[in-house]
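So you can see what is in the structure, the chains are spelled out below.
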Amino acid sequence: PIASLYGAGSEAWLELYEPTSPTDSQAYATRIRLRANSHSYFINNLGIGTTTPEGKLHIYSGDSSTTPDTDGDELVVENSSRSGISILSGTGSGSVGSLIFGSSDDANGAGITWTNYNNTLHVKTQNTAGILRFASNNNVEAMRIDSSQNVLIGGTSASGHGFNFEVLNDHA
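On a predicted model such as this, the values are computed, not experimentally measured, just so you know.

What counts and how
Within each chain, residues carry numbers counting from 1 in the order of the written sequence. Where local features are concerned, this predicted model is filtered to residues with pLDDT of at least 70; where side-chain atom pairs are given and counted, the filter is 80 or more; whole-chain, interface and lining totals use all residues. Calculation of side-chain values draws on the structure's entire complement of heavy atoms; hydrogens and water are dropped beforehand. The numbering of helices and of strands both runs from the N terminus, where a helix is a DSSP run of H or I of at least 4 residues and a strand a run of E of at least 2. To sort residues, take the accessible area from a 1.4 Å probe on protein chains only and compare it with the maximum for the residue type: under 20% means buried, over 50% means exposed, and anything in between is partly exposed. It only takes one pair of heavy atoms within 4.5 Å for two residues to be counted as in contact. Areas reported here follow the Shrake-Rupley algorithm with a probe of radius 1.4 Å; residue values treat only the protein chains shown as occluding. One bridge is not enough; two strands pair if DSSP finds at least two bridges between them. Axis definition: a line fitted to C-alpha atoms, over the contacting stretch in the case of helices. Angles run 0 to 180 degrees between N-to-C directions. Each pair of aromatic rings taken from Phe, Tyr and Trp, with Trp reduced to its six-membered ring, is defined by centres within 6.5 Å and is described as stacked if the planes are under 30 degrees apart, edge-to-face if over 60, and tilted in the remaining cases. Summary of the metric used: pLDDT quantifies the predictor's per-residue confidence within the range 0 to 100.

In terms of helices and strands, the chain carries 0 helices and 14 strands. From first element to last, N terminus to C terminus, the chain shows the α and β order β-β-β-β-β-β-β-β-β-β-β-β-β-β. Each principal axis of the C-alpha distribution contributes one length, and for the chain these read about 75 × 40 × 35 Å. Here the chain holds 172 residues, and 14% of them are scored as buried. Taking contacts inside the chain between residues at least 6 apart in sequence as the whole, the part at least 24 apart equals 5%. Accessible surface, the chain as shown: approximately 12400 Å² in total, 52% of it carbon and sulfur.

See the structure below:
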């Protein structure tokens, strides 16, 4: 079989299969499972608006004439003109919209958070040794805020003069 549809009581699902052996007609693997009351999954890439998704999830509204970088191709949002992602949250105290960056040893390493009730955008690290690094000109560091809250422009470490803000000119 290449597909099965099952329904009984509150359980219902659709599964699509792919053959795993060219010689055994009974050997197949589930590639898509859609369930009514549980987890659904896709083994391969999923395209919305495209039959050739370029990431795990590719939302396509128009051709941008470029291919996503492999450092960011799990979610691709593409349009020929304006494209974007909206993170929407409530307006009450404690309501936030967030984009969180994490890893296997720290689920909340850094983030960007909008708190609507006090109109504040937070760009933050959550680690005690975390720094904020700003770059331009093909990823050349222009400014950083180190873990001691020193603001450094044109350099990567404080000179020890006791200032929280230093302008360093290494481009003489």
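With antiparallel pairing, the 3 strands of this open sheet are ordered in space as β8-β9-β10. Each edge of the open sheet carries a strand with a single partner, namely β8 (96–103) and β10 (120–125). Pairwise comparison of adjacent strand axes, ignoring direction, gives a mean angle of 20° for this sheet. Of the pairings in the sheet, the one linking β8 to strand β9 (residues 106–115) comprises 7 bridges and is antiparallel in character.

The pairing of strand β1 (residues 3–8) with strand β2 (residues 11–19) spans 6 bridges and is classified as antiparallel. Each bridged residue has a counterpart across the sheet, and for Ser4 the counterpart in β2 is Glu15. Two successive antiparallel strands, β1 and β2, enclose a turn made up of 2 residues, where Gly9 displays a positive phi of approximately 60°. Pairing of β2 with strand β3 (residues 28–35) involves 7 bridges; the strand directions are antiparallel. Residue pairing for β3: Trp13 is matched across the bridge by Arg35.

Attention shifts here to the environment of Tyr17. Within the fold, Tyr17 resides in strand β2. Since its relative accessible area comes to 14%, Tyr17 is described here as buried.

The subject of this paragraph is the sheet that holds β3. Spatially, the 4 strands line up as an open sheet ordered β1-β2-β3-β4, and their pairing is antiparallel. Each edge of the open sheet is held by one strand with a lone partner, namely β1 and β4 (41–42).

This part covers the packing of aromatic side chains. For any pair of aromatic rings, geometry is given as the distance between the ring centres together with the angle between the planes. In the structure shown here, the tally under the stated rule is 2 aromatic pairs. Ring centres 4.5 Å apart and planes at 35° place the aromatic pair Tyr6 and Trp13 in the tilted group.

Should the pLDDT be low somewhere, the predicted coordinates at that spot are not to be read in detail. Here the chain averages 87 in pLDDT, and 91% of its residues register 70 or above. The element-level mean pLDDT for the chain is lowest in strand β14 (residues 165–167), coming to 65, with strand β7 (residues 75–78) highest at 96.

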